[in-house]
Amino acid sequence: MRFLTLISLLTLFSYSFGGNVTIICHGGAGSVAPSRFIGKYRGTVLAVQIGYNILKTNGTSLDAVEAAVRSMEVDEEFNAGYGSVLTSEGKVEMDACIMDGETMKVGAVTGVQNIFHTITLARKVMEKTRYNFLSPEGAMKLAKDEGFQFLPEGTLVTERAKLSLENWKRNQNQSLGEQVGEGGTVGCAAYDINGNLAAATSTGGLTGKMSGRIGDTPIVGGGTYADNKLGALSATGTGEVIMKSVLVYDILKRYEYKQISLQQAAQEACDDMTERYDDDGGVIGLDKDGNVAIGFSSPQMSWAYQNEPENVHYGIEHEISHIYNIAECKSKNCFQ
Amino acid sequence: MSKEPIPICLVHGGAGDIPASRVQAKLNGVKQAAQIGYHHLINNGSALEAVELAVIHMELDPVFNAGYGSVLTTEGTVEMEASVMDGKTLKVGCVTGVVDIMHPISAAIRVMEKTPHNFLGFHGANRFIKQQEFELLKPGALITDQAKEALEHWKEQQKNGGFKGFAKTEIGHNQHERGETIGAVAIDILGNIAVATSTGGITGKLPGRIGDTPLLGCGTYCDNRFGGVSTTGHGETIMKSCLAHDIIKRIDYLGEDAQTATETACNNMTERFFGKGGAITIDKDGNVGISFTSKRMAWAYQKLNTMHYGIEKDDHFEQIVDQNEVDSLVNVAGKSS
């Protein structure tokens, strides 16, 4: 009986003070040319507003991260969905993962072709199958069964992606080795009115990758993780080293076992990764109480978050944060 | 304690509801694999080579769900996955959806050595394997009668609605959904650690299902600074709990010993997610950790001239190793690989 009272008190507490819903997204870590900052700002700021509107109207964190990622998947500024980078053969092969921090259910896909919203397919894996992770063959069959719209071959390929591949090939020929890409993976984490967390990540991978290459994005604990008891995170950067560091799980374990803030854990883990593997990346996330964490060891990582109705916070460079006032920016274009 | 680490090759033959009729064959297989690995280590072989040899031996043995003897998808096909990690260089190789080769673990090592990537899957992985001139078997060559039987039983149960009362996370509870992955962890005389894990997945899986085995931090993890872990059991559960990495992080951040970390992580996983599994661990000082929440898990390691092994919860048998027997085994393994 006392237990029930406690539950109802807690519920009441969360409804009366739980208005502080939060969503945070990233638009990829890497070396981003200043000419592309505006496009990244616009896309991430839009994505978090879409997610925030869902959270504010009592939507779930899962719906919020999916919708926010979807908006970046159709934005060619990002390496996900339309605008994905190309394999060495000029094809788009996308990976995505979504995880529900309440139920700990997870859905992941790899090698997905010719659909717009890989993240939605990942969610279908979570909801409609007994599995966590499906390969190209399994995922495409599920997409068909679930009535996804299939695009004509090449629809997702942009001019910019083609150019990147040409550059990559040129560098390969001159044996300059691996070219560090601009990244551009997208991902979000959200905290809803019931205190539930979710995380989602979607990517086209790496320019010039071998067909069949699987990066960190769809790996639970590598690129994506959510657990109501700890936090929710999404990673971006050089997939091979993020995978080796099991980056987002490492961050949650630092938070849990070392009892440091998620923010500190995120930055430390990114720095340790770069020190050890000489390659960089970044993460965004929320701890179990909805506090924001942003960490990256790459020169840039675009990010944005919203935890109040009036403003969106955003940035791309180390230690520089901007405020986007929604009312003000309605009357004038703030990103020009 | 001497400064030079005593080499160990610790192997598991999979966690699950192993029927009593298969206990002896499993034990024989893991003991042989542990001997082969150990023999290589005391002849100055590297940990990486030792885990490959041990896993190769079990991939050939039809009693294990890896290589020959792998379980079947709903379509009656074999789709294998494997991963390997070198604790010294932190290089890794992972493959999934591999068909028609005897040794997926060797394909994983080739991914590690020959590509700029960590992980290849399905058509990309199989194309790479072809380019690397692995011996390709005829379709169906890896299928055993036992695997066919298991699939038949599984299908029958599906027809009878056997799963209706079960939560989705409990699919590992069915004894026909065998998920007995194999794996090896070794520490060599230089103190380098390596891990290899290989599997056919679970009976009746949808073609294209990817389990925990090829995922770093879930099925396999290794770092000389802390130790190495190979896991086995219900893949979806192990994946959610990042079992291998949890054990490593317990050793790193909480200072737990190999046995405590392995036991606590396995128990926490099953408590939280219901699905069962097990793990084997060697830490940087050569301490061994073995634990499982399933009914049985076959494991074995040789240290000096003693073979340690078990399969039930509290087993820990010891047996003096006859060196002649080891030599003949190594010869056989050498020929078949």
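Residues numbered from 1 in each chain as written. Chains lettered and ligands numbered in written order. Predicted model: local features only at pLDDT ≥ 70, side-chain atom pairs only at ≥ 80, totals over all residues. Heavy atoms only, no water.

A. Here's a closer look at the overall build of chain A. Helix and strand content of chain A: 10 helices and 13 strands. The C-alpha atoms of chain A give a radius of gyration of 19 Å, which matches the 20 Å a tight globule of 336 residues would have. In terms of its C-alpha atoms, chain A occupies a principal-axis envelope of roughly 70 × 45 × 45 Å. Buried positions account for 61% of the 336 residues belonging to chain A. Of the contacts formed within chain A by residues at least 6 apart in sequence, a portion of 64% connects residues at least 24 apart. When the accessible surface of chain A is summed, it comes to about 13,100 Å², and 51% of that surface belongs to carbon and sulfur atoms. Taken as two groups, the 29 positive and 40 negative side-chain charges of chain A have centres that lie 5 Å from each other. (Helix = DSSP H or I, 4+ residues; strand = E, 2+ residues; numbered from the N terminus. Rg over C-alpha atoms; globule rule 2.2 N^0.38 Å. Buried < 20%, exposed > 50% of the residue type's maximum accessible area, 1.4 Å probe, protein only. Contact = heavy atoms within 4.5 Å. Areas by Shrake-Rupley, 256 points an atom, 1.4 Å probe, with all protein chains shown as cover. Lys, Arg positive; Asp, Glu negative; His and termini not counted. Charge placed at Lys NZ, Arg CZ, Asp CG, Glu CD.)

B. Representation of the packing of helix α4 (residues 118-128) of chain A against helix α5 (residues 136-145) of chain A in the model. Residues and elements named next belong to chain A. The N-to-C vectors of α4 and α5 enclose an angle of 90°; their axes lie 10 Å apart at closest approach. Classified by the angle their axes make, α4 and α5 are roughly perpendicular. Seen from α4, the contacting residues are Leu121, Lys124 and Val125; seen from α5, they are Ala139, Leu142 and Ala143. Here the contact of α4 with α5 is composed, by residue class, of five nonpolar, no polar and one charged. (Axes fitted to C-alpha atoms, helices over the stretch in contact; angles between N-to-C directions. Parallel < 35°, antiparallel > 145°, perpendicular 65-115°, else oblique. Nonpolar A, V, L, I, M, F, W, Y, C, P; charged D, E, K, R; others polar.)

C. Spatial organisation of the state of the cysteines. Under the definition given, this model contains two disulfides over all chains. Disulfide pairing places A:Cys25 opposite A:Cys188 at an S-S distance of 2.2 Å. Between A:Cys25 and A:Cys188, the S-S dihedral sits near 105°, and the bridge is therefore right-handed. Separated by 163 residues along the polypeptide, A:Cys25 in strand β1 (residues 22-30) and A:Cys188 in strand β5 (residues 186-191) bring together distant segments of the chain. Here the two residues A:Cys25 and A:Cys188 agree in accessibility, since each one is buried. With a sulfur-sulfur separation of 1.9 Å, A:Cys329 is cross-linked through a disulfide to A:Cys334. Every disulfide takes its handedness from the sign of the S-S torsion; for A:Cys329 and A:Cys334 that torsion is -100°, giving left-handed. Judged by its relative accessible area of 12%, A:Cys329 falls in the buried class. Indicated for chain A is the disulfide connectivity 1-2, 3-4, based on numbering the bonded cysteines in sequence order. The closest cysteine sulfur to the non-disulfide-bonded B:Cys94 is located on B:Cys218, 10 Å from its own sulfur. B:Cys222 takes part in no disulfide bond, and the closest cysteine sulfur to it belongs to B:Cys9, at a distance of 12 Å. (Disulfide = S-S within 2.5 Å.)

D. Spotlight on unusual backbone geometry. Residues and elements named next belong to chain A. Even without glycine at this site, Val246 takes up a positive phi of about 45°. On the secondary structure map, Val246 appears in the loop between α7 (239-245) and α8 (247-257). For Val246, a relative accessible area of 0% corresponds to the buried category. With phi around 60°, Glu319 is a residue other than glycine that occupies positive phi space. Within the element layout of this structure, Glu319 appears in the loop between β12 (311-317) and β13 (322-325). The exposure class assigned to Glu319 is exposed, which follows from its relative accessible area of 85%.

E. A look at the interface of chain A and chain B. Facing 44 residues of chain A, the contacting portion of chain B comprises 50 residues. Buried surface at the junction of chain A and chain B, both sides included, amounts to about 4,100 Å², of which 60% is carbon and sulfur. Contact with chain B buries surface across chain A, with A:Arg130, A:Tyr131 and A:Tyr257 losing the most and accounting together for 18% of the total. At the junction of chain A with chain B, the criterion picks out five salt bridges. In this structure, A:Asp250 engages B:Lys249 in a salt bridge whose closest nitrogen and oxygen atoms are separated by 3.3 Å. Taken together, the connections running from chain A to chain B amount to 24 residue pairs in polar contact (both at pLDDT 80 or more). Sorting the residues of the side of chain A that touches chain B by element identifies β3 (106-112), β4 (133-134), α5, β7 (224-227), α7, α8 and α9 (262-277) of chain A as the ones contributing at least two each. Top contributing element to the side of chain A that touches chain B by residue count: α8(A), with five residues. Of the residues that constitute the side of chain A that touches chain B, the class distribution is 17 nonpolar, nine polar and 18 charged. (Buried area = accessible area lost by both parts, 1.4 Å probe. Salt bridge = Lys/Arg side-chain N within 4 Å of Asp/Glu carboxyl O. Polar contact = N/O pair within 3.5 Å; in protein donor to acceptor, adjacent residues only side chain to side chain.)

F. Highlighting the packing of aromatic side chains. Residue and element names in this part refer to chain A. If you walk through the whole model with that rule in mind, you get nine aromatic pairs over all chains. Plain terms: the ring middles of Trp303 and Tyr305 are 5.9 Å apart, the flat faces sit at 15° to each other, and that makes the pair stacked. Note on Trp303: relative accessible area 6%, which makes it buried. The exposure class assigned to Tyr305 is buried, which follows from its relative accessible area of 16%. Ring centres of Tyr314 and Phe335 lie 5.3 Å apart, and the angle between their planes is 80°; on these two criteria the pair is classed as edge-to-face. (Phe/Tyr/Trp six-rings, centres within 6.5 Å; stacked < 30°, edge-to-face > 60°.)

G. Region of interest: the confidence of the model for chain A. Of all residues in chain A, 92% attain a pLDDT of 70 or more, and the chain-wide mean is 92. The model gives residues 1-19 of chain A a pLDDT under 50, and that stretch makes four contacts with residues more than four places away or in other chains. (pLDDT = per-residue confidence, 0-100.)

H. Expanded view of the nonpolar core. All names here are of chain A. Core analysis: the largest hydrophobic core is formed by 90 residues, its most contacted members being Tyr225, Leu247 and Ile251. If you tally residues by element for this core, the top one is α9, at seven residues. Leu142, Leu151, Trp168 and Cys329 belong to the second-largest nonpolar core, a separate cluster that totals 58 residues. (Core = buried A, V, L, I, M, F, W, Y, C linked by side-chain atoms within 4.5 Å.)

I. Region of interest: the environment of B:Ser106. All names here are of chain B. The topology assignment puts Ser106 in helix α3 (residues 104-114). Owing to a relative accessible area of 12%, Ser106 belongs among the buried residues under this scheme. Residues Ser106 and Val55 lie 51 residues apart in sequence; the distance between their C-alpha atoms is 9.3 Å. Dropping the residues within four chain positions of it, Ser106 is found in contact with Glu52, Ile56 and Phe134.

J. Geometry of the UniProt feature "active site" (unreviewed entry) in chain B. Residue and element names in this part refer to chain B. According to UniProt, the feature "active site" (unreviewed entry) maps to Thr181 in the numbering used here. Its place among the elements puts Thr181 in the loop between α5 (145-159) and β5 (182-187). For Thr181, a relative accessible area of 3% translates into the label buried. (UniProt positions renumbered as here; feature names shortened; annotations may be inferred.)

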